Amino acid sequence: MKQLLIVAHTPSPNTQALCDAAYRGATHSDLENVRCVVKTPFEAGPDDVMACDGILLGTTENLGYMSGALKDFFDRSYYGVIEEKQGLPCALYIRAGLDGTGTQRAVESITSGLRWRWVQPPLTLQGEWQDDFVSQVEELGLYLAFSLDNGIV
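The notes below deal with the structure included here. What you are looking at is a predicted structure, and each value in this text was computed from that prediction instead of being measured. Within every chain, residues take consecutive numbers counted from 1 along the sequence as written. Local features are withheld for residues below a pLDDT of 70 in this predicted model, meaning they are given only at 70 or higher, and side-chain atom pairs are given and counted only at 80 or more; totals for whole chains, interfaces and linings count all residues. Side-chain numbers come from the whole structure's heavy atoms, not from hydrogens or water.

So, the overall build of the protein chain
For the purposes of this entry, the term helix denotes a DSSP run of H or I that reaches at least four residues, the term strand denotes a run of E that reaches at least two, and both are numbered from the N terminus. Across its full length, the protein chain holds 5 helices and 7 strands. Going from the N terminus to the C terminus, the protein chain shows its helices and strands as β-α-β-α-β-β-α-β-α-β-β-α. Its C-alpha atoms give the protein chain a radius of gyration of 14 Å, within 12% of the compact-globule value 15 Å for 153 residues. By its C-alpha atoms, the protein chain is 40 × 35 × 25 Å across when sized along the principal axes. Here the protein chain, with 153 residues, has 48% of them falling under the buried criterion. Residues are treated as being in contact if the distance between any of their heavy atoms lies within 4.5 Å. If you take every contact in the protein chain between residues at least 6 apart in sequence, the share linking residues at least 24 apart comes to 83%. Surface exposure here means Shrake-Rupley accessible area, sampled with a 1.4 Å probe, where a residue is shielded only by the protein chains that are shown. Within the structure as shown, the protein chain displays about 7,200 Å² of accessible surface, and the carbon and sulfur contribution to it stands at 48%. The globule rule used here is 2.2 Å times the number of residues to the 0.38 power, and the radius of gyration it is set against is calculated over C-alpha atoms. Throughout this description, buried means an accessible area under 20% of the type-specific maximum (1.4 Å probe, protein chains only), exposed means over 50%, and partly exposed covers the range between.

Now the structure itself:
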């Protein structure tokens, strides 16, 4: 059984809806060999990363950067996983009021140092809230879980 870890910052009902959508996708009934664990960045740590086979990160864009919560997760986890989790399949969604480029660059800088492997380019949900954001994140969760389930990543 593979384990997918979702680490998502959810300070609002909309960002909680995105996290819930990621979980729905990652637990689709057609998936047979994937277990999904969801934690906030404050709850998740190096032990969670060590136990997973793939990770889906969710963050808000805060002042052109990732959320402080996700940065805290990386600060606490980085050195505890750097050697053992190189090549970890990862994906990212960003809820951005602006364009999300600074947030994406910051997360990519850390994941590059960890040598994590992007399953697909980061998904940036920018501008005013759109109901379609939920289905996009659900598809991202499904895609990552499906890739784990089928040994693609």
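Once you've had a look at it, read on.
Re the packing of aromatic side chains
What describes a pair of aromatic rings is the distance from one ring centre to the other and the angle between the planes of the rings. Working definition: a ring pair exists when centres of Phe, Tyr or Trp rings (six-membered ring for Trp) sit within 6.5 Å. Plane angles under 30 degrees give stacked, over 60 give edge-to-face, the rest tilted. Tallied over the full model, the rule gives 4 aromatic pairs. A ring pair is formed by Y78 and Y79, whose centres lie 5.0 Å apart and whose planes are at 75°; its orientation type is edge-to-face. Between W129 and F133 the ring centres are 5.4 Å apart and the planes differ by 90°, which places this aromatic pair in the edge-to-face class. Aromatic rings pair up to connect F73, F74 and W116 into one cluster.

Remarks on the packing of helix α3 (residues 68-81) against helix α4 (residues 101-114)
Orientation is described by axes fitted as lines to C-alpha atoms, over the contacting stretch for helices, and by angles from 0 to 180 degrees between their N-to-C directions. Where α3 contacts α4, the two axes come as close as 11 Å, and the packing angle between them is 10°. Between α3 and α4, the crossing angle belongs to the class labelled roughly parallel. The residues of α4 that touch α3, namely those facing L70, K71, F74, Y78 and V81, are V107, I110, T111, G113 and L114. Asp, Glu, Lys and Arg are counted as charged, while Ala, Val, Leu, Ile, Met, Phe, Trp, Tyr, Cys and Pro are counted as nonpolar; the rest, among them Gly, fall into the polar class. Split by residue class, the contact of α3 with α4 holds 7 nonpolar, 2 polar and 1 charged. Roughly parallel means an angle under 35 degrees; roughly antiparallel means over 145; roughly perpendicular covers 65 to 115; every other angle is labelled oblique.

Focus: unusual backbone geometry
Trans is the common state for peptide bonds, and a negative phi is the common state for residues other than glycine. Here the phi dihedral of L63 falls at roughly 55°; this positive angle occurs in a residue that is not glycine. Structurally, the position occupied by L63 is in the loop between β3 (54-62) and β4 (65-66). Classification of L63 as exposed rests on a relative accessible area of 90%. Phi is positive for R115, close to 60°, though the residue is something other than glycine. Tracing the sequence through the fold places R115 in the loop between α4 and β6 (117-118).

Comments concerning the side chain of S147
Tracing the backbone through its elements, the reader meets S147 in helix α5 (residues 132-149). Not counting the four nearest positions on each side in its chain, S147 is found in contact with V119, I152 and V153.

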